[in-house]
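The chain contents come next:
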Amino acid sequence: MSTVQFEEGRLMQVLVAPIVSEKATMVGEKSNAVTFKVLQDATKPEIKAAVELMFKVEVKGVSVVNTKGKTKRFGKSVGRRDNVRKAYVTLKPGQELNLSGEAA
């Protein structure tokens, strides 16, 4: 996969935000994986390249989940949450990703 080249500007936009939740933390501890919210049209190779570029770690694999946005009411009006695409990025053994340090 390393023969495929992506433009760096696109890779910087692919990862929208890290997902910090109980489920994401449990998955992270169990299988050395990190969870990200990614763009709707992001592909697995793009996500892998983006994580390796931004965090300088080796990626073992990428799993992707599409979650439909829920319908929510605000008084009389009805609105919808956005659809979310999550990426579970599994890191190779010995690799670690420090999200708290990156934000500063």
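The model shown is predicted, which means the values in this text are computed figures rather than measured ones. Think of each chain on its own: its residues are numbered from 1, step by step along the sequence as written. With the structure being a predicted model, the display of local features is reserved for residues of pLDDT at least 70 and the display and counting of side-chain atom pairs for 80 or more, all residues being used for whole-chain, interface and lining totals. With hydrogens and water excluded, all non-hydrogen atoms of the structure serve as input to the side-chain values.

A word on the overall build of the protein chain
Right, on to step 1. Per the secondary structure count, the protein chain includes 4 helices and 6 strands.
Right, on to step 2. What counts as a helix is a DSSP run of H or I of at least four residues, what counts as a strand is a run of E of at least two, and both are numbered from the N terminus. When the helices and strands of the protein chain are read in sequence order from the N terminus, they spell out α-β-α-β-α-β-β-β-β-α.
Right, on to step 3. Only protein chains enter the accessibility calculation, which uses a 1.4 Å probe. A residue is then buried if its area is under 20% of the maximum for its type, exposed if over 50%, and partly exposed in between. Residues classed as buried in the protein chain amount to 27% of the 104 residues present.
Right, on to step 4. Within the protein chain, residue pairs in contact and separated by at least 24 positions form 62% of the contacts whose partners lie at least 6 positions apart. Residues are treated as being in contact if the distance between any of their heavy atoms lies within 4.5 Å.

Thoughts on the pairing of strand β2 (residues 33-38)
Right, on to step 1. β2 sits mainly inside the fold: 5 of its 6 residues count as buried.
Right, on to step 2. Relative to β2, strand β1 (residues 15-18) is paired through 3 bridges, and the arrangement is antiparallel. Counterpart to A17 in the pairing with β2 is K37.
Right, on to step 3. One requirement defines pairing of two strands: DSSP has to find at least two bridges between them. By the bridge criterion, 6 bridges tie β2 to strand β6 (residues 84-91) in an arrangement that is antiparallel. What sits directly across from V34, in β6, is V89.

Description of the pattern of salt bridges
Opposite charge on two side chains permits them to pair, given that their charged atoms come into close proximity.
Right, on to step 1. Whenever a carboxyl oxygen of Asp or Glu lies within 4 Å of a side-chain nitrogen of Lys or Arg, that contact is scored as a salt bridge. Counted by the stated rule, this structure contains 3 salt bridges.
Right, on to step 2. The network of salt bridges with shared partners includes R10, D41 and E46.

Some words on the confidence of the model for the protein chain
Right, on to step 1. Here the protein chain averages 85 in pLDDT, while 89% of its residues score no lower than 70.
Right, on to step 2. The spread of mean pLDDT over the elements of the protein chain runs between helix α4 (residues 99-102), the lowest at 54, and strand β5 (residues 77-80), the highest at 94. The quantity known as pLDDT measures the predictor's confidence residue by residue, on a range of 0 to 100.

Topic: the environment of P45
Right, on to step 1. With respect to the helices and strands, the residue P45 is situated in helix α3 (residues 44-55).
Right, on to step 2. On the basis of relative accessible area, P45 is assigned to the partly exposed category, the value being 31%.
Right, on to step 3. The sequence separation of P45 and Q5 amounts to 40 residues, and the corresponding C-alpha distance is 9.9 Å.

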